[in-house]
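Letter by letter, the chains look like this.
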Amino acid sequence: MKALLLLSLLLVDCRNITPPADTATVYICDSRGSKRYHLSPNCKGLRTCSHRVVKLSLKEAKSRGKTLCGWEK
Ligand SMILES: [Zn+2]
């Protein structure tokens, strides 16, 4: 069951997601150089993250100065 969920998440194309509300959950790479937030935890942009991936609200991501990742515009 867990593997099936993971597989379905991998199939999400992050470019086709509509802009979310401020309360939506987004993902950031927990590293100093990271300036982007991601709508999908499986976005190409997050695959290069060598640190922990952190889940937070869009509002919080924006307050940290994050902008939407280039793959998801
Ligand atoms: Zn992304």
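This text follows the structure it describes.
The following refers to the structure shown. (Residues numbered from 1 in each chain as written. Predicted model: local features only at pLDDT ≥ 70, side-chain atom pairs only at ≥ 80, totals over all residues. Heavy atoms only, no water.)

1. Regarding the coordination of the zinc ion
Coordination of the zinc ion by the protein comes from His-38 (ND1), Cys-43 (SG), Cys-69 (SG) and Glu-72 (OE), over a distance range of 2.0 to 2.2 Å. Taken together, the four donor atoms surrounding the zinc ion define angles of 96 to 115° at the centre, an arrangement classified as tetrahedral. Positions of the donor residues of the zinc ion along the chain correspond to the pattern H-x4-C-x25-C-x2-E. The exposure class assigned to His-38 is buried, which follows from its relative accessible area of 5%. (Donors = N, O, S within 2.8 Å, 3.2 Å for Na, K, Ca; no water. Tetrahedral: all angles 85-135°; square planar, octahedral: opposite > 155°, others 65-115°. Buried < 20%, exposed > 50% of the residue type's maximum accessible area, 1.4 Å probe, protein only.)

2. A look at the side chain of Lys-66
Of note, Lys-66 is situated in the loop between helix H3 (58–63) and strand E4 (67–68). With no salt bridge to any partner, buried Lys-66 finds its closest opposite charge in Asp-30, at an N-O distance of 7.0 Å. In this structure the side chain of Lys-66 is engaged in a polar contact, spanning 2.7 Å, whose partner is the backbone oxygen of Ser-34. For Lys-66, the contacting residues outside a window of four places in its chain are Ile-28, Ser-34, Lys-35, Arg-36, Tyr-37 and Ala-61. (Helix = DSSP H or I, 4+ residues; strand = E, 2+ residues; numbered from the N terminus. Lys, Arg positive; Asp, Glu negative; His and termini not counted. Salt bridge = Lys/Arg side-chain N within 4 Å of Asp/Glu carboxyl O. Polar contact = N/O pair within 3.5 Å; in protein donor to acceptor, adjacent residues only side chain to side chain. Contact = heavy atoms within 4.5 Å.)

Nothing here speaks to function; it is all geometry.
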